[in-house]
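Survey of secondary and tertiary structure
In case you want the letters, here they are:
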Amino acid sequence: MMRLSILALLLSIIVVAAEEKEEKEPPFRPFPEMPEVLFFDGYEAGGHSASKGGVSDEQAEAPSRKSLKFASYYQTGMHCTGSFGRSKFPENLNPNQVFIQFSIWSSDQGKINVYFTNSKAGVYTDAHQYQKEKKWQTVTFKLTDLRLNNKPVPADTLMSSYEIRFTPRGGEAPTVYMDNFCITANSRPELYMGKIAAMQGKTADIVRSGSKEGFNYTQQGNDALKAALKSARGAKRRPNTVLVIGGKPGEGEAVVKALQAAGPKAKVSGYTFVAAVSPDQSAVGGLEDVRTLLPYNLRKAEPEFVLMVFSNADGSAAGRNYDAVKASLERALEQGIIPIVIPPPPGGKADSFIGGVMRYCGELGAPCVDTGSVIKPVKDSMDGAELAAPGLEAVCITALQAIKHTEANVKK
Amino acid sequence: MKWSSAGVLLSLILASSAFAAAQAPKAEPKAEFPQKVLEEAGFTFNGDIVKALQGTVAKAGKANKNTFAVLGIGMPNKDISVKVPTGWTYVGLKEFAKELTGSAATPRNLLAALPEFLAKEKPEIVVIIPDQAAGRKTSDAEIFDWEDTARLCVRFGALPVFGISPSFPAADKEAKDLRTIVSEAAIAAQCPTIDLKAPSQFSKRLVELMALLEEHVYKRAVTAKPVQAATGGGEE
């Protein structure tokens, strides 16, 4: 009986210690050196938070190089939507001390409606006026200004997504841009904008853009990858090994050969490519096998990277399949394995899938090849809706460059 | 005048009769497949499940006929006894037991460990028992871990069945509880479920479900009938 009591006491100490350890894990911050900044998006590279609206460099006077161009919403209305990703707030911070700020430009005066969603409680809203017309205006407010049924945001909740709508004064749909969306705690966002801009300047050599270099890579993504590798420290990995899952069953070997052949052109060497397999010897490839056989193959191959290729058929299937891709990216990252994603060529129903995959890659830091941009200048790149050999070669060259770039930056 | 009044009256009577006939309950067409819901039968089974599984598992024909396995983080469990029905064989977990049961057998870990077991033992039905106690934190992505575990079984020709834990508050206030997560994953993957609120009923419900799967998914003579022999877990 005495032994049992001692055992129970020891167990409770272990449980309490484990709980304390769990609680001590610091919350995600986009800039770890600025813990007051809860969320920031300057819409500079592919890894941005928006799901509706597109990154644009049309606005020369924007606070930063690129800004977010609103999409049509309803009649003459314009809007953008997005996710806060790993940024969690207020998460028991005082909502009255959480500040929200963004810069907005419109070709017409109008009303700005801000919507923040909590997945359980619903949508909190606030409204502002845009009066400058064709000039950048900074909008700043507190989290407590957002209301749901006239009640402010409680401290013990989490905001998951945002929508910002612009209703013009006139009868025509305006052009609307947004930039430097920043959320801070305990001090106002403008105190951090200069420091963030300086940091972004310093990290310009890390950032890669799909439209220029063929793949998306951001400073925030680089930090996220470093954090993932750190938390999985000690996991057994075979150096320079890349697991490859092809876009269709049985395509893995063909992608491995294309990667090997692309090495000299990409000026990348020293990697070993391993095609994913199934223990029943059946052909492996495509989203369904990424969902079901990735963890088995990660364990078997112990790679440092996993290259996931998706086909147009994957992208065109019904439903939000990109959510399943996010789960697979997390499974790899949890083990300290860096996923490199090749989405399908754009076109038809695949476009929504591509957008979702690129957004999640941006959130989690997974480098993502911009297949559409890469194959655009390539002759005979497509065979129907899927990549032909020249197209596959082009994306493999870019994927190798993405692997090399990632390795160089996460191991710094 | 009298005749016209009588005509109006007759018209009203006829109209009300027609209305009543339209409102009368029609004989419902007989359902193609039995419908079982968790709250009444203690397990789920319906036409959608049958059609989904007929097109995948039964068509693949990869599995060993009349074999089943029970595994997951909630096994072994003294409250859940697994009785082997007549005509069926219980597939032991053998060298896979350490990874397919107990605390190691989270759905995410099952995704890594199950393929070899499924490829080697080829069970026809795989019952996955989730956590049976409160405390573990769930995450947004967990629904995909459960759904993909079911899809993994289907890929290897096994028919997945999820145990549905009793509802207990999620450790994280913002997170869904496990009962909701597993139920939603089962709907997404179109796989049957068995309620574990009354674990003593587990074997009885499993046998009923097996009989329905034999009849409607595999379209063969039903062999699943309850017997006394017990394997795993505790006694009922």
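Residues numbered from 1 in each chain as written. Chains lettered and ligands numbered in written order. Predicted model: local features only at pLDDT ≥ 70, side-chain atom pairs only at ≥ 80, totals over all residues.

1. Side note on the overall build of chain A
- Across its full length, chain A holds ten helices and 22 strands.
- Expressed as a percentage of its 412 residues, the buried residues of chain A come to 45%. (Helix = DSSP H or I, 4+ residues; strand = E, 2+ residues; numbered from the N terminus. Buried ≥ 20, exposed ≤ 12 C-beta atoms within 10 Å, placed from the backbone.)

2. Observations concerning unusual backbone geometry
Residue and element names in this part refer to chain A.
- A cis geometry characterises the amide bond from Phe 89 onward to Pro 90, with omega recorded as 0°.
- Mapping Pro 90 onto the fold places it in the loop between strand S6 (78-83) and strand S7 (98-106).
- In this structure, Asp 380 is a non-glycine residue whose phi angle is positive, near 50°.
- Secondary-structure assignment places Asp 380 in the loop between helix H9 (371-375) and strand S21 (382-383).

3. A few points about the sheet that holds strand S6 (residues 193-195) of chain B
Residues and elements named next belong to chain B.
- Reading across the sheet, the five strands line up as S3-S1-S4-S5-S6 and stay open at both edges, with parallel pairing between neighbours. Pairing within the sheet leaves two strands with one partner each, and these edge strands are strand S3 (89-90) and S6.
- Relative to S6, helix H8 (residues 202-217) is tilted by about 160°, and along the sheet it contacts strand S4 (125-128), strand S5 (159-164) and S6. (Pairing = 2+ DSSP bridges. Contact = placed C-beta atoms within 7 Å. Axes fitted to C-alpha atoms, helices over the stretch in contact; angles between N-to-C directions.)

4. Points about the pairing of strand S9 (residues 122-130) of chain A
Residue and element names in this part refer to chain A.
- Pairing of strand S8 (residues 110-118) with S9, which is carried by nine bridges, proceeds in the antiparallel orientation. From the neighbouring strand, Thr 117 faces S9, where its bridge partner is Val 123.
- The hairpin formed by S8 and S9 contains three residues between the paired strands.

5. Structural notes on the packing of helix H5 (residues 107-121) of chain B against helix H6 (residues 142-155) of chain B
All names here are of chain B.
- In the contact formed by H5 and H6, the axes pass within 9 Å of each other and the chain directions differ by 10°. Relative to H6, H5 is oriented roughly parallel. Residues Pro 107, Arg 108, Leu 110, Leu 111, Leu 114, Pro 115 and Leu 118 of H5 touch H6, and the partners they reach there are Glu 142, Asp 145, Trp 146, Asp 148, Thr 149, Leu 152 and Cys 153.
- Its residues assigned to classes, the contact of H5 with H6 shows nine nonpolar, one polar and four charged. (Parallel < 35°, antiparallel > 145°, perpendicular 65-115°, else oblique. Nonpolar A, V, L, I, M, F, W, Y, C, P; charged D, E, K, R; others polar.)

6. Description of the environment of A:Phe353
Residue and element names in this part refer to chain A.
- Locating Phe 353 in the fold gives a position in helix H8 (residues 350-364).
- The class of Phe 353 is buried, set by 24 C-beta atoms lying within 10 Å.
- When the C-alpha atoms of Phe 353 and Asp 323 are compared, they prove to be 9.2 Å apart, with 30 residues separating the residues in sequence.

7. Topic: the pairing of S6(A)
Residues and elements named next belong to chain A.
- Going residue by residue along S6, you find Met 78, Cys 80 and Gly 82 tucked away on one face and His 79, Thr 81 and Ser 83 left uncovered on the opposite face.
- What sits between the antiparallel neighbours strand S5 (residues 71-72) and S6 is a turn of five residues, in which Gln 75 has the positive phi angle 50°.
- In terms of strand pairing, S6 meets strand S13 (residues 161-168) through six bridges, oriented antiparallel. Note that in S13 the partner of Thr 81 across the bridge is Glu 163.

8. Let's talk about the confidence of the model for chain B
Residues and elements named next belong to chain B.
- Considering every residue of chain B, the mean pLDDT works out to 84; 80% of them sit at 70 or more.
- The model gives residues 232-236 a pLDDT under 50, and that stretch makes 17 contacts with residues more than four places away or in other chains.
- Overall fold confidence (pTM) sits at 0.69, and the ipTM for the predicted complex is 0.84. (pLDDT = per-residue confidence, 0-100.)

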